[in-house]
Amino acid sequence: MLIAAAPAIGAAVPAHAGVTFVPAKQLMATIEQTREQSTGIALMNYLRTPGYSAAVVRRTTAGKAELHERVDDIWYVLDGGATLVTGGSLIDPHGTEAGEVRGSGVSHGTERQIAKGDLIGIPAGTPHWVSRISGRELVYLVIKAKENATQGARR
């Protein structure tokens, strides 16, 4: 179940034109609200620009496997833990929107345990799947960078 909590974009504090500032207290309060309101997967969007976006994801259950054709994911685990499978290939792949493919799982990928404080970079075109939640939940910040926005940094 995907539940979008109250978008924090409007609640962010603009410090300067083009700059978004979300105080830690506000960010954590939003995460706490989703603990009370949701089951499954909750997504709180904080930034959305043509080149990148940032959101906090809270999972209490595993989700669909994903592949973003032109978007890199950078995750920073804020709380909890899970089993993350990367690489391999999607099982039962189907497109959901332009450049986005989902599946029921990942076959022949690399499993790793992720936990609070871990940083994970998932390049565009890489299947990835949270196959199991360790304990109560997984809460992570995800930065989605469009491929053209990150190509200069890769060279």
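Look above for the structure.
The shown structure was predicted, so the numbers you read here are calculated from the model rather than taken from an experiment. (Residues numbered from 1 in each chain as written. Predicted model: local features only at pLDDT ≥ 70, side-chain atom pairs only at ≥ 80, totals over all residues. Heavy atoms only, no water.)

1. Describing the overall build of the chain
Put simply, the rule reads: Elements are defined by DSSP. Helices are runs of H or I of four residues or more, strands are runs of E of two residues or more, and each kind is numbered from the N terminus. Here's how the labels work: a residue is buried when its accessible area is under 20% of the maximum for its type, exposed when over 50%, partly exposed in between, all with a 1.4 Å probe on protein chains only. Contacts: residue pairs with any heavy atoms within 4.5 Å of one another. Computed with the Shrake-Rupley method and a 1.4 Å probe, the accessible areas treat only the protein chains shown as cover for residues.
Within the chain, the secondary structure is distributed over 2 helices and 14 strands. Expressed as a percentage of the 155 residues in the chain, the buried residues total 43%. A separation of at least 24 residues holds for 72% of the contacts in the chain among residues at least 6 apart in sequence. Within the structure as shown, the chain displays about 8500 Å² of accessible surface, and the carbon and sulfur contribution to it stands at 57%.

2. Things to note about a nonpolar patch on the surface
The criterion, for reference: Only residues whose relative accessible area exceeds 30% and that take part in no salt bridge are eligible for patches, with like-charged residues grouped when within 9 Å of each other and nonpolar side chains (Val, Leu, Ile, Met, Phe, Trp, Tyr) grouped when within 5 Å. A pair is scored as a salt bridge if a Lys or Arg side-chain nitrogen falls within 4 Å of a carboxyl oxygen belonging to Asp or Glu.
A contiguous nonpolar surface patch, about 290 Å² in accessible area, is contributed by Ile74, Tyr76 and Leu119. For isoleucine 74, the location among the structural elements is in strand β7 (residues 71-86). Taking relative accessible area as the criterion, isoleucine 74 reaches 32% and is therefore assigned partly exposed.

3. Let's talk about the environment of serine 134
Along the polypeptide, serine 134 turns up in strand β14 (residues 128-146). When the C-alpha atoms of serine 134 and glutamine 113 are compared, they prove to be 8.6 Å apart, with 21 residues separating the residues in sequence. Contacts of serine 134, omitting those with residues within four sequence positions, involve Gly81, Ala82, Thr83 and Gln113.

4. Regarding the nonpolar core
Rules: Only buried residues count toward a nonpolar core. Its members are Ala, Val, Leu, Ile, Met, Phe, Trp, Tyr and Cys residues joined through side-chain atoms within 4.5 Å.
With 15 residues, the main nonpolar core has Trp75, Ile114, Ile120, Val130, Leu138 and Tyr140 as its most contacted residues. Contributions of two or more residues to this core are made by β5 (52-59), β7, β13 (119-122) and β14. Among the elements that make up this core, the one with the highest residue count is β14 (5 residues). In this structure isoleucine 114 touches Trp75, Val77, Gly80, Gly81, Ala82, Leu84, Ile120 and Leu138, once residues within four positions along its chain are discounted.

5. What to know about unusual backbone geometry
The phi angle at aspartate 92 is positive, at roughly 55°, despite the residue not being glycine. Locating aspartate 92 in the fold gives a position in the loop between β8 (89-91) and β9 (94-97). Not every positive phi belongs to a glycine, and histidine 108 is a case in point at roughly 60°. The residue histidine 108 is located in the loop between β11 (105-107) and β12 (110-115) in this model. Exposure remark for histidine 108: the relative accessible area of 78% places this residue in the exposed category.

6. Section: the packing of aromatic side chains
Rules: Aromatic pairing here means that ring centres of Phe, Tyr or Trp (its six-membered ring) are within 6.5 Å. Orientation follows from the plane angle: under 30 degrees is stacked, over 60 is edge-to-face, and everything else is tilted.
Applying the stated criterion across every chain, the model contains 1 aromatic pair. For the ring pair tryptophan 75 and tyrosine 140, a centre distance of 4.2 Å and an interplane angle of 20° mean the geometry is stacked. With tryptophan 75 in strand β7 and tyrosine 140 in strand β14, this residue pair connects regions lying 65 residues apart in the sequence. Here tyrosine 140 falls in the buried class, since its relative accessible area comes to 3%.

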